[in-house]
Amino acid sequence: MRLKSFLCGAMFAGAALLASCGGIGGGSNPGSSSNGPPASACGTDCGTLFIAMTDADGDFLNYTVDVVSLKLQRANGTTVETLPASTRVDFAQYVDLTEFLTAATVPNGNYVAATLRLDYNNAEITVEQNGAPVPAKAVDSNGAALGMVDVSVTLDNRHHLVVSPGRPSLFTLDFNLAASNAVDLTTSPATVTVTPALVASLELVDQKDLRVRGPMVSVDESAGSYVVDVRPFHLRENRFGRVTVHTDSATAYEINGTSYTGAEGLTALDAAGAGITTVALGTLTTADHIFNATQVFAGTSVPGAGIDTVIGDVVARDGDELTVRGGTLVRRGDDARFARGRVKVVLGPGTKVVKGGTSPATLVDTNAVSVGQHIMAFGTATPASSIAANQDEDSRDWTLDASAGRVRMDPTPIYGFVKSLADGGVTLQLESIAGRRVSAFDFSGTGMTGDQDADPTNYEVGTGALDLSGLHEGEPIKVIGFPAPFGSAPVDFTARTLVDFQKLGASMSVTWGREGTLAPFISQAATALVLNLDNEEIGRLHFLRVGPRWIDLGDLPASP
């Protein structure tokens, strides 16, 4: 039995690794159809299944493909389609977020396998080269352009997906960009060799915010809840089932640019009327899979809902002009697009700036927005008058006039290595901001004087009363918080949360040749596997990633 076959049927701790088991280019007959009963025909013999989509970290600014179908298979071989329509997904946006893909009504029973179909024909992939976003082409291991890709997983006998009346079931798919792709920047355009790898779990894969998006159907103020028709990602049409969103006295709302808290916000949502676009961030209870919202956005506070929006990271600031490059542009009457060009966000005296991460959000002045800040800017977007002859449409520059609009500042994650510690602060060798390499950022003007501008080689983080006892010099750290207001450094960044080395997410990715291998491990037991690093069939990927640190397994003194 080769490793390829072994992985396709394996499940560890309730999670299954999918390693392109269905083949690339339609290996499991892309033209075949479901031979199980349609979900709408199963009547009282149906249950509710929540399917969520997320992503493990990868080296991509944009990774957009079409999700065509997701079929579940019973033990007798019958299959059920869970998606009512295809939807376009930018997986790179889901590193710190899990999205409700659908709330499907499916026949009760035990499901033993699933097949996800991805369409790469119109894929849009962007990588970073020398601090700039550049397009990349997806190819298979033979260098051929990708089309339909089926990825299948078989669950082990102890972890079948059980759908039954009453309590909704949950199925989470985690698309591992780092393990699925090998990037080559030496070609023109850059190429990405794709070997899809997914993790399927019967619970949420990680402790990330869970997002539910869609038009509001109804509000029940007495129960403190509302119902939405699920429309995942930036989909403007179709209905992917219904979800009840539960709220409480601490839930923060922003509806058409106005902030509310608790019951007052639910009343305002009800007054806005059915059909208003909503986005809720929150958590799912483990026991009964009830969705509880911590934040709710509605109306023009949702990107693209009646107002143009740019979502991204501020890479530079000059006076009242912010530069966002490598962000998502959502226009009021158009689909979301990744903007590889520069988006100039114009601020003014009428710009309303809201600092999120607290309940309720706080109003701040425009100087609060500095280099490295992750923002949503709402206003009027206009394209540059022309694009260069060698540019495509997505590389065009834009201007978003937010002088009479709004800017929302969201907590921003940074990665780095500890250089020194002091009371109330830590100095970092800064590696990345919101997943972007520091070479993408121009820190000019961030300091009180030019000599005090933020320096990524000595990036000063104010930590206040946060516990620093778990931090050690030379070790990686993740910090979540906000860059200091523009022109006020030092300090350069104010931390709200610290994640020390021991708590950083770690992943190991290893591939073998297309035919797999007979000798992946030196030894294997119930408690441990020891990799065989001398195996000549080891492929392109063989690394360990801990936070921002990449370790080549071939450089280790012994097999892990």
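Throughout this document, residue positions are counted from 1 along each chain, in the order its sequence is written. In keeping with the model being predicted, local features are shown solely for residues with a pLDDT of at least 70 and side-chain atom pairs are shown and tallied solely at 80 or more, while totals for entire chains, interfaces and linings include all residues. As a convention, hydrogens and water are excluded, and side-chain values are obtained from all of the structure's heavy atoms.

Some words on the overall build of the protein chain
As a reminder, the rule being used: Secondary structure elements follow DSSP: runs of H or I of four or more residues count as helices, runs of E of two or more count as strands, with numbering from the N terminus. Contacts between residues were defined by any pair of non-hydrogen atoms, one from each residue, lying within 4.5 Å. The accessible surface values rely on the Shrake-Rupley method and a 1.4 Å probe; as for residues, cover is taken only from the protein chains in view.
Broken down by element type, the protein chain carries 3 helices and 39 strands. By sequence separation, contacts in the protein chain at least 24 residues apart represent 69% of the contacts at least 6 residues apart. When the accessible surface of the protein chain is summed, it comes to about 23500 Å², and 49% of that surface belongs to carbon and sulfur atoms.

Description of unusual backbone geometry
Following Ser188, the chain continues into Pro189 via a peptide bond in cis, with omega recorded as 0°. Structurally, the position occupied by Pro189 is in the loop between β12 (181–184) and β13 (190–194). A cis amide bond links Pro490 to the next residue, Val491, at an omega of -5°. Considering the arrangement of structural elements, one finds Val491 in the loop between β33 (476–483) and β34 (493–499).

As for the pattern of salt bridges
We count it as follows: Any Lys or Arg side-chain nitrogen found within 4 Å of a carboxyl oxygen on Asp or Glu counts as a salt bridge. Each residue gets one of three labels from its accessible area relative to the maximum for its type: buried under 20%, exposed over 50%, partly exposed in between, using a 1.4 Å probe on protein chains only.
On inspection of all chains with the given rule, the structure shows 13 salt bridges. Among the salt bridges present, the one from Arg88 reaches Asp66, with a minimum N-O distance of 3.1 Å. Here the residue Arg88 occupies a position in strand β5 (residues 87–90), and Asp66 occupies one in strand β3 (residues 62–74), the gap between them amounting to 22 residues. The class of Arg88 is partly exposed, set by a relative accessible area of 31%. With relative accessibility at 16%, the residue Asp66 sits in the buried group. A single network of salt bridges, built from pairs that share partners, joins Asp66, Arg88 and Glu124.

Structural notes on the environment of Gly109
Note that Gly109 resides in strand β7 (residues 109–129). For the pair Gly109 and Val163, spaced 54 residues apart in the sequence, the C-alpha separation amounts to 5.3 Å. If we ignore the near neighbours within four places in the chain, the residues touching Gly109 are Arg74, Leu161, Val162 and Val163.

Some words on the nonpolar core
Definition in use: Here, the term nonpolar core denotes a set of buried Ala, Val, Leu, Ile, Met, Phe, Trp, Tyr and Cys residues that are joined through side-chain atoms within 4.5 Å.
Membership of the largest hydrophobic core comes to 80 residues, with the highest contact counts inside it found for Tyr63, Phe91, Tyr120, Phe171, Tyr226, Leu269 and Phe291. For this core, the leading source of residues is β7, giving 7 residues. Contacts of Leu269, omitting those with residues within four sequence positions, involve Met216, Val219, Tyr226, Ile255, Ile276, Thr278 and Ala298. Core analysis: the second largest hydrophobic core is formed by 23 residues, Val371, Val418, Ala495 and Leu498 among them.

Thoughts on the packing of aromatic side chains
The geometry of two aromatic rings is summed up by the distance between their centres and the angle between their planes. Spelled out, the test is: Aromatic rings from Phe, Tyr and Trp, with only the six-membered ring used for Trp, were paired whenever their centres fell within 6.5 Å, and each pair was classed as stacked if the ring planes differed by under 30 degrees, edge-to-face if by over 60, and tilted otherwise.
Counted under the stated rule, the structure contains 7 aromatic pairs. Taking the centre distance of 6.3 Å and the plane angle of 90° together, the rings of Tyr63 and Tyr120 count as edge-to-face. Pair noted here: Tyr63 is in strand β3 and Tyr120 is in strand β7, with a separation of 57 residues, a long-range link. Note on accessibility: Tyr63 and Tyr120 belong to one class, buried. Where Phe443 meets Tyr459, the ring centres are 6.3 Å apart and the plane angle is 55°; that geometry is what we call tilted.

Here we look at the side chain of Gln373
Quick note on the threshold: Residues adjacent in sequence count toward polar contacts only when both atoms are side-chain atoms; beyond that, a polar contact is any pair of N or O atoms within 3.5 Å, and within protein one must be able to donate a hydrogen and the other to accept it.
Counting through the fold element by element, Gln373 comes out in the loop between β26 (362–364) and β27 (374–383). For Gln373, a relative accessible area of 0% gives the class buried. Here Asp410 takes part through its backbone oxygen, which lies 2.7 Å from a polar atom of the side chain of Gln373. Leave out the neighbours within four places in its chain, and Gln373 touches Gly312, Asp313, Val314, Met409, Asp410, Thr412, Phe482 and Pro483.

What to know about the sheet that holds strand β39 (residues 549–552)
Here is the rule we go by: When DSSP locates at least two bridges between a pair of strands, those strands are taken to pair. An axis is simply a line fitted to the C-alpha atoms; with a helix, the fit covers only the stretch in contact. Between two such axes, the angle follows the N-to-C directions and lies from 0 to 180 degrees.
Spatially, β35-β38-β39 is the arrangement adopted by the 3 strands of the open sheet, whose pairing is antiparallel. Because the sheet does not close on itself, it has two edges, and the strands there are β35 (506–512) and β39. Geometrically, the sheet is characterised by an average inter-axis angle of 20° between neighbouring strands, direction not taken into account. As defined by bridge partners, strand β38 (residues 538–546) adjoins β39 across 4 bridges and the pair is classed as antiparallel. Paired with Phe543 across the bridge in β39 is Asp552.

Considerations on the side chain of Asn535
Within the secondary structure layout, Asn535 lies in the loop between β37 (529–531) and β38. Here the side chain of Asn535 touches Ala519 through a polar contact of 2.9 Å, landing on its backbone oxygen. If we ignore the near neighbours within four places in the chain, the residues touching Asn535 are Trp512, Thr517, Ala519 and Pro520.

Digging into the pairing of strand β17 (residues 242–246)
In the case of a regular strand, side chains alternate between the two sheet surfaces. Where burial is concerned, the two faces of β17 differ: the one with Val243 and Val245 is buried and the one with Arg242, Thr244 and His246 is not. With 2 bridges connecting them, β17 and strand β21 (residues 291–298) associate as parallel partners. Paired with Val245 across the bridge in β21 is Phe291.

Quick notes on the environment of Tyr63
Given the relative accessible area of 0%, Tyr63 is considered buried. Put simply, Tyr63 and Val127 are 64 residues apart on the chain and 8.7 Å apart in space, counted from C-alpha to C-alpha. The contact partners of Tyr63, leaving out residues within four places of it in the chain, are Val89, Asp90, Phe91, Ala92, Tyr120, Glu124, Ile125, Phe175, Leu177, Asn181 and Val194.

Looking at the confidence of the model for the protein chain
Worth spelling out the cut-off: pLDDT measures how confident the predictor is about each residue, on a scale from 0 to 100.
On average, the protein chain scores 84 in pLDDT, and the residues at 70 or more come to 88%. Ranking the elements of the protein chain by mean pLDDT puts helix α1 (residues 3–8) last with 32 and strand β32 (residues 459–462) first with 97. Long-range and interchain partners of residues 1–40, a stretch whose pLDDT sits below 50, account for 94 contacts in this model, where long-range means more than four residues apart.

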